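Understanding the architecture of this molecule
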Amino acid sequence: MTDNIKQTYTAADIESPTGVNIELTELCNVKCKHCYNPWRDESMGVNQLNVLKIKKIISKLSDAGVFHVILSGGEPLSNYEILKEAMKFLKMHKMTFSMNTNLILANDQNMSELRALGLEHCLTSIPSIDAKENDEIMQSKGTLKKILNGIKACRSNDIRVSANMVVTKSNKHRVYETGKMMAELGCTKFFVTRAVPPIYSSVAKDSENESRDELILSKEDVKKSLDDAIKVKNEYGISIGSLISYPLCFLGDLKKYSDFVGRGCPSQRGGIVNINANGELHTCVHEEESYGNIFKHSLKEIYSTKMKKWRDGSMHYEGCKGCEYLQVCHSGCQMTANAVNGTTASKDPLYQGYSAITNHFDLIVDDKIYDYIEKKGKFFVPERVRFREDTKVTLVNIRWGNYITVSKDIGKFLKNAHQNNLKFDIQSFGFDRKEFLANLFFKDVIESEVNLNLTKVITGLSYDSMYLPKNKNTSNL
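Now for a quick tour of the structure. The model shown is predicted, which means the values in this text are computed figures rather than measured ones.

Moving on, we get to the packing of aromatic side chains. Within this structure, the stated rule accounts for 11 aromatic pairs. On the basis of an interplanar angle of 25 degrees and a centroid distance of 6.4 Å, the ring pair of tyrosine 246 and phenylalanine 250 is categorised as stacked. The same class applies to tyrosine 246 as to phenylalanine 250, namely buried. When the ring of tyrosine 246 is compared with that of phenylalanine 260, the centres are 6.2 Å apart and the planes differ by 85 degrees; the resulting orientation is edge-to-face. With tyrosine 246 in the loop between strand E7 (239-241) and helix H8 (248-251) and phenylalanine 260 in the loop between H8 and helix H9 (266-269), this pair connects stretches of sequence that are 14 residues apart. On the basis of relative accessibility, which here comes to 2%, the residue tyrosine 246 falls in the buried class. Residue class for phenylalanine 260 comes out buried when judged on its relative accessible area of 2%.

As used in these notes, a disulfide is a covalent bond between sulfur atoms, one from each of two cysteines. Summed over the entire model, instances satisfying the criterion amount to 0 disulfides. Summary of cysteine pairing: cysteine 187 is not part of a disulfide, and the nearest cysteine sulfur, belonging to cysteine 154, is at 8.8 Å.

Time to look at the pairing of strand E6 (residues 189-194). Buried residues dominate E6, accounting for 6 of its 6 residues. Taking every second residue as pointing to the same face, both faces of E6 are buried, with Lys189, Phe191 and Thr193 on one and Phe190, Val192 and Arg194 on the other. Sheet analysis places strand E5 (residues 160-167) next to E6, joined by 6 bridges and oriented parallel. For alanine 163, the partnering residue across the bridge sits in E6 and is phenylalanine 190. Crossover E5 to E6 through helix H6 (residues 175-184) is right-handed. Inspection of the sheet shows E6 paired to E7 by 3 bridges, in the parallel sense. In the strand pairing of E7, phenylalanine 190 is matched with isoleucine 240.

Rules used throughout
Residues numbered from 1 in each chain as written. Predicted model: local features only at pLDDT ≥ 70, side-chain atom pairs only at ≥ 80, totals over all residues. Heavy atoms only, no water. Phe/Tyr/Trp six-rings, centres within 6.5 Å; stacked < 30°, edge-to-face > 60°. Buried < 20%, exposed > 50% of the residue type's maximum accessible area, 1.4 Å probe, protein only. Helix = DSSP H or I, 4+ residues; strand = E, 2+ residues; numbered from the N terminus. Disulfide = S-S within 2.5 Å. Pairing = 2+ DSSP bridges. Right-handed = clockwise from strand over helix to strand, strands pointing away.

So this is what it looks like as structure tokens:
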């Protein structure tokens, strides 16, 4: 294997999404003030999928090579029978799945049933651990107790729970104690997510109107929320992250804020699209623009044509051009930029500029891996890893919705090792790819033959180590 080829592909060469968010229903039992769904005041509960429609969608996703599906809404538990049918059909097609839910309708019985169907993970909302605040944000009574009981029902049925706190001006002071409670309840991850102002709400430049800029935090408040999350992680051991990207130049110290480096923009990386309960296709869940309907159009065709603008750099802010982290950061969140500036490919309100990066990021957290590599220690590709061959790239799915893109020759090597249960070392992989091999290990694509007792810090949801600046000359990118 040689390593002298310059980058020959981009995210625009990915031919279909690796993950899809399916909204089973528009019906929701709460009405969160930060909700991104633009239809919530117009057609709440009108559209929902039935058995025939969900089966047709899943068949199309399977044909397109989708690895992972997120079942959401609205509130997916409010369309419970279809939720169960979706899980059965996804399992039949060997696609992994998870569920985004507020867990208000969760109980021991339905969580037990869903666990038996293969559900392993739920992402839940948790606006605040103050009951009054939680009700105010979700605009419903008794929500906190119901959510906490839902988390307990999941945990008692061996379903992992990640808790997502959308931080606004009304709950920004609750990040630490909310994260603490989530850790104590056994949640595996605590997401601190900045609110994306819905376009329909016209939350924009009028800072004098408090009701309109409730979702826009100051840079200082955003940084404080991240610091509080890091404190929870350090004290209680819970993993942390974000569901909406922060510009890396805003983070500045990428080592300190490494848990928030990896999110990037899944839509611009090519990882995910959204299907509404009426079949309409969107690239980002926060997006109002529709690119077609899954029941009328080919997913691959829509993805490679109308949706391509999300992956070819068209969404990048001009001021970000030339930044070595651009393919990791993707100009922060362009839906937030759109809400604030009135257009995409504009400046994220948290943008600081490349010079604000004071400390760089490295996935390699223990240099002992290099000793193992240099001594020709052996690695293998675990059974859980999945592969997809596109024309110019190979997609490597690590688990659930987590994937990386690799060149065709690397993909062929890893796939061969995977299919034939082969173990390999640096000699067969390529001596000039030592750094790349180390990153594959810490990204959890490969495992070592012997237990190295090295902690793998898997940061970010859509983190692709192949686009790190340090790997430019070792990953064939």
